[in-house]
Each structure stands twice: as structure tokens, then as C-alpha cells.
Amino acid sequence: VLRSFSDKTEYLNSLAFNDDDRTITARSSSHTYTWSLDGRLVSAAKGGCPCRYIYGNGVPARLDKALLPLTVTSPSGNYRCVLDGKDSTEFSILKKDGTVERSYKLGDSGAVFDIAFSPDDSYFVTAGSSCRWGRLYDTRKGLKATLVADNDVCSVSVSPDGNTIATGSFGGMITLWDRSGRLLRRLKGHRSDITSLVFSRDGKFLASSADATISLW
């Protein structure tokens, strides 16, 4: 960990590097915060975003149904992943014209919590519950690899060059993989669920959030 900083009061539900890669914006359920990369709080304003998860037995069990159908668009805009179905267990890849490239039904193998496309649209990654996996898919051909982590995977991000995948797990572990699904390394530092992961636009940094804490790697 290069450094960590915290609001200390609110769980942070989303992260984003701003255009200059010099500041990070984080949103809780009620506020939006901006920090510089040295940990200085630049601004705080009312208005945030809801937590994505519905909890059961003390752990996230599924996405909030109020968020469904959830659509994630690829960087080029040529594909969309639309997540729907009971407990977020079904999703489809749509082409730009709206026709279906492929559809998936996960059934009892777990709900999808997060989705990220590669910059060139060639693959996408899903994070899911009920088993310790992320899944790597070729956008046109289907499942390519299963990313077996230390715990259920709840967040995912892809580096700007498309060569590194980051997955965040319940319990606080971040795992890095190459674009073929090969394990590269594990990053330890958080003690609770990784709710959000994001690479900086230049690929030099990875930011993660857990509870009210942001870590910069």
C-alpha cells in the first residue's frame, strides 16, 4: 500500500479517478468526497450513491433489485452487458445494434456483483458470490477462465492497457491476474469487503475502498 486515507464515518460505495489522475472521488450513501492522492480531503458535498448489495447472514448476498436491470457499456460503445434476472444471476452481451451476442444463466453458481470490460472490448470480467470466483469471458466466444480467489469476489477492474485484472474479495484481499487469467500477485491491506476497485487512467495506480477507507497501490 502506498498510502491509505479515510472519511472514518461512512462506508464508501464507489470510486473514480478524476481526469487529471491527481484526485479521487468517492461516494457514500449520503455524500461525495474528493481526495488528492496524498490523502488531503479536497471537498465534501451532500449526495451520494446507494450500496449495491443486499446483505444476508452478515454478508452481501445479491445486488439490490432496485439497480436491475444494470447495464455496463464497453469502452468503445460496441457492446453492452445487461444484468437482470432473479438475484442478478442472468446477463446478456448485446451488440451496438441491440442484437444479442451471447446470454448467460448462472443458476445456483452465484449472483453477479460487478462487471468490467477490457479497453479493446475483447474480454470482460464478472465478480460473483456464492463461490470463490471471478470469471473471465471472451466477449464473442464465452467463458475463458475462472479466477479462483481467497473468498467471494465482489468487485473487479481492468487496467487501461488491458493486461491486468484486479479482483476484490469479501474479507479484504485484492488479487491481480493477467489477461489470460493467470494469478500474478495478492495485495493485503484491507480488513473488510472490497466494495470498489479502479485503475488510474495512466495505469500507474490502483485505488480500492473497504468500509470508510481508501487505499492507493
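**Considerations on the nonpolar core**
Item 1. Counting residues in hydrophobic clusters, the biggest one holds 14 residues, and the most contacted among them are F91, I93, I115, F117 and F124.
Item 2. When contributions to this core are tallied by element, the ones reaching two or more residues are strand 9 (79-84), strand 10 (90-95), strand 12 (112-117) and strand 14 (133-138).
Item 3. Ignoring sequence-local partners within four residues, the contact set of I93 consists of Y79, R80, C81, T99, V100, E101, R102, Y104, F117, F124 and T139.

**Here's the deal with the sheet that holds strand 12**
Item 1. In space, the 4 strands of this open sheet follow the order 12-13-14-15, with antiparallel pairing throughout. Two strands lie at the open edges of the sheet, namely strand 12 and strand 15 (142-148), each paired on one side alone. In this sheet, neighbouring strand axes are inclined to one another by 20° on average, regardless of whether the strands run parallel or antiparallel.

**Structural notes on the layout of surface pockets**
Item 1. Of the voids in this model, the largest pocket is the one considered here, and its volume is about 740 Å³.
Item 2. Forming the boundary of the largest pocket are 31 residues, of which L15, D114, I115, S196 and L197 lie nearest the centre.
Item 3. The set of elements that each furnish at least two residues to the lining of the largest pocket consists of strand 2 (12-17), strand 8 (70-73), strand 12, strand 16 (153-158) and strand 20 (196-199).
Item 4. By residue number, the principal contributor to the lining of the largest pocket is strand 12, which donates 5 residues.
Item 5. When its residues are assigned to classes, the lining of the largest pocket shows 19 nonpolar, 10 polar and 2 charged.
Item 6. Its volume calculated, the second largest pocket comes out at about 160 Å³.
Item 7. Along the walls of the second largest pocket sit S159, T164, L176, R185, L187, F199, G203, K204, F205, L206 and W217, which together make up its complete lining.

Criteria and thresholds
- Residues numbered from 1 in each chain as written.
- Predicted model: local features only at pLDDT ≥ 70, side-chain atom pairs only at ≥ 80, totals over all residues.
- Heavy atoms only, no water.
- Core = buried A, V, L, I, M, F, W, Y, C linked by side-chain atoms within 4.5 Å.
- Buried < 20%, exposed > 50% of the residue type's maximum accessible area, 1.4 Å probe, protein only.
- Helix = DSSP H or I, 4+ residues; strand = E, 2+ residues; numbered from the N terminus.
- Contact = heavy atoms within 4.5 Å.
- Pairing = 2+ DSSP bridges.
- Axes fitted to C-alpha atoms, helices over the stretch in contact; angles between N-to-C directions.
- 1 Å grid on protein atoms, 1.4 Å probe; cavity = no way out; pocket = protein on both sides within 12 Å on 5 of 7 lines; lining within 4 Å.
- Points joined across faces, edges and corners; volume = space filled by probe spheres on them.
- Nonpolar A, V, L, I, M, F, W, Y, C, P; charged D, E, K, R; others polar.

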